[in-house]
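For reference, the chains in residue letters:
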Amino acid sequence: MPYDDELRARFGHDIELGGEVPDDAWLRRVLMRRTQRRYTDRAVPDSLVRLLLAAAFSASSKSDFQQASCLWLKDRARRDRLAALFPDMPWIGAAPVFLVFLGDSRRLERLGALRGHPQDNGALEGFFNAVIDAGLALQSCILAAETLGLGTCPISVLRNRIAEIGEILALPDKVFPVAGLCLGYPAQSGFISMRLPLEATVHVDRYDDSGLAEAIDSYDRRRDARHSIADRQRAPERFGTAEFYGWSEDKARQAMTPEGEGFASWLKAHGFTLGDAE
């Protein structure tokens, strides 16, 4: 059957699709996609980046409000300042291209003022819609880039240093980073990150996680068999050493140290109320 190898690579087990499906080369590529953190020295032409950004902003948008923007960080000094904030991620500074996808709740406000219909777009609805628009543009850029043989790595950690990032990028009120994106020609093949089984993520007619424990246990075992992290247990001095250390234990521990602290207060200091719209 089409996609058998790709589905097994992505999910670690066979998936019965339940009928005939078209065989499409692009879908195969999507199923086999990989995050890339190492890049060759080969330059990515500006014309190609512009094409990828055109594809990115062809993504769906809530109510056609188009509340996403992208900052193409070409200035080396600014790029170095940003990269220095995250020394354990050298690919931020080393990637041939670095983009920052932004939620842009500012533009709709400016349009209202220009047309004589002033309104405040800083409530939760405006923020949420801008996040989604930026996320859709980001993923569209990723898929377009990979279609043309480039590699990408999204960088969500920017929000962990939001005060410095906002200053480096000179962001105005009601414009905020959703994620950065490293872009370049990959220097290695990379590996396919195994995803949760569809039994855990797809619900029919009603949400039902009654089988979650069993599904996660099986997933942990499959993932460990392919790519064990048993020798890299997170914070054993805090959590102890687990006899079996799988993905779910690792992520449960990671979630105990919340990320993005200070992001909400930064947003509120830059024009957002994050309350219900009036």
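To be clear, the structure that these remarks concern was listed above.
Read on for a plain summary of the structure. Every chain is numbered on its own, with residues counted from 1 as its sequence reads. Per-residue local features of the predicted model are confined to residues with pLDDT of at least 70, and side-chain atom pairs are confined, for both listing and counting, to 80 or more; whole-chain, interface and lining totals are unaffected and use all residues. Computation of side-chain values: all heavy atoms of the structure, hydrogens and water removed.

1. Topic: the overall build of the chain
Filter applied, for reference: The way it works is that DSSP assigns letters per residue, a run of H or I at least four long becomes a helix, a run of E at least two long becomes a strand, and they are numbered from the N terminus. Taken over C-alpha atoms, the radius of gyration is set against a globule rule of 2.2 Å times the number of residues to the power 0.38. Buried residues are those whose accessible area, probed at 1.4 Å on protein chains only, stays under 20% of the maximum for their type, while exposed residues exceed 50% and partly exposed ones sit between those limits. Here the open area of atoms and residues is found with the Shrake-Rupley method and a 1.4 Å probe, where only the protein chains shown may cover a residue. Here Asp and Glu are counted as negative and Lys and Arg as positive; His is not counted, and neither are the chain ends. Where a charge lies is defined by one atom per residue type: Lys uses NZ, Arg uses CZ, Asp uses CG and Glu uses CD.
On a plain count of helices and strands, the chain comes out with 13 helices and 4 strands. Relative to the globule expectation of 19 Å for 278 residues, the C-alpha radius of gyration of the chain, 21 Å, shows essentially globular dimensions. Along the three orthogonal principal directions, the C-alpha set of the chain runs to about 60 × 45 × 45 Å. For the chain, buried positions account for 37% of its 278 residues. Accessible surface for the chain amounts to roughly 15700 Å². Of this, 53% is attributable to carbon and sulfur atoms. Across the chain, 35 positive and 40 negative side-chain charges occur, with their mean positions spaced 7 Å apart.

2. Concerning the sheet that holds strand E3 (residues 151–155)
The condition that has to hold: Strand pairing is defined by DSSP finding a minimum of two bridges between the two strands. What counts as an axis is a line fitted to C-alpha atoms, over the stretch in contact for a helix, and the angles between N-to-C directions run from 0 to 180 degrees. Contacts were defined at the residue level, with two residues in contact if any of their heavy atoms lie within 4.5 Å.
A sheet is described by the order of its strands in space; here 4 strands give the open sequence E1-E2-E4-E3, paired in antiparallel fashion. The sheet is open, and its two borders are formed by strand E1 (68–72) and E3, each paired with just one other strand. On average, each strand axis in the sheet is inclined to that of its neighbour by 25°, with strand direction left out of account. For strand E2 (residues 97–104) and strand E4 (residues 175–184), the ladder comprises 8 bridges, and the chain directions are antiparallel. Considered in E4, the bridge of Gly103 is made with Phe176. Contacting E1, E2, E3 and E4, helix H7 (residues 124–147) crosses the sheet at an angle of about 5° to E4.

3. Quick notes on the packing of helix H3 (residues 46–56) against H7
Under the convention used in this document: Here is the rule for angles: anything less than 35 degrees is roughly parallel, anything more than 145 is roughly antiparallel, 65 through 115 is roughly perpendicular, and the remaining ranges are oblique. Crossings are sorted by hand: turned counterclockwise from the far helix by less than a right angle, the near helix makes the crossing left-handed, and turned clockwise it makes it right-handed. Note on residue categories: nonpolar means Ala, Val, Leu, Ile, Met, Phe, Trp, Tyr, Cys or Pro, charged means Asp, Glu, Lys or Arg, and polar means any other residue, Gly included.
Between H3 and H7, the least distance of the axes is 7 Å, while the angle of their chain directions is 130°. Taken together, the axes of H3 and H7 lie oblique to each other. In the crossing of H3 with H7, the sense of the turn from one axis to the other is right-handed. Counting all contacts with H3, which are made through Leu52, Ala55 and Ala56, the residues of H7 involved are Ala137, Ser140, Cys141, Ala144 and Ala145. The residue makeup of the contact of H3 with H7, split by class, is 7 nonpolar, 1 polar and no charged.

4. Focus on unusual backbone geometry
Non-glycine residue Ser63 carries a positive phi angle of around 55°. Take Ser63: it is sitting in the loop between H3 and E1. Judged by its relative accessible area of 47%, Ser63 is partly exposed. Positive phi outside glycine occurs at Lys174, with the angle close to 70°. Within the secondary structure, Lys174 sits in the loop between helix H8 (162–168) and E4. On the basis of relative accessibility, which here comes to 10%, the residue Lys174 falls in the buried class.

5. Considerations on the layout of surface pockets
Just so we agree on the cut-off: Using a grid of 1 Å spacing that covers the protein atoms alone, one calls a set of points a cavity when a 1.4 Å probe fits there but cannot get out, and a pocket when the set is open and has protein on both sides within 12 Å along at least five of seven lines; lining residues are those with an atom within 4 Å of a point. Grid points are joined across faces, edges and corners, and a volume is the space filled by probe spheres set on the points.
Taken as a whole, the largest pocket spans an internal volume of roughly 1400 Å³. In this structure, the largest pocket is lined by 40 residues; those nearest its centre are Arg37, Ser193, Arg195, Arg223 and Lys251. Residues of the lining of the largest pocket, tallied by class, amount to 16 nonpolar, 10 polar and 14 charged.

6. A short note on empty space enclosed by the protein
Considering all chains together, one arrives at 2 cavities of 30 Å³ or more under this definition. Estimated volume of the largest cavity: approximately 50 Å³. Together, Phe191, Ile192, Ser193, Met194, Arg223, Arg226 and His227 line the largest cavity. Looking at side-chain class alone, the lining of the largest cavity contains 3 nonpolar, 2 polar and 2 charged residues. Of the pockets and cavities examined, the second largest cavity occupies roughly 30 Å³.

7. Quick notes on the side chain of Asn121
Note the following rule: N or O atoms within 3.5 Å of each other form a polar contact, as long as, within protein, one can give a hydrogen and the other can take it, and as long as residues adjacent in sequence are counted only when both atoms are side-chain atoms.
Looking at where Asn121 falls in the secondary structure, it is placed in the loop between helix H6 (106–114) and H7. Exposure remark for Asn121: the relative accessible area of 10% places this residue in the buried category. A polar contact of 2.6 Å, which involves the side chain of Asn121, links it to the side chain of Gln67.

Coordinates in, geometry out; function isn't part of it.
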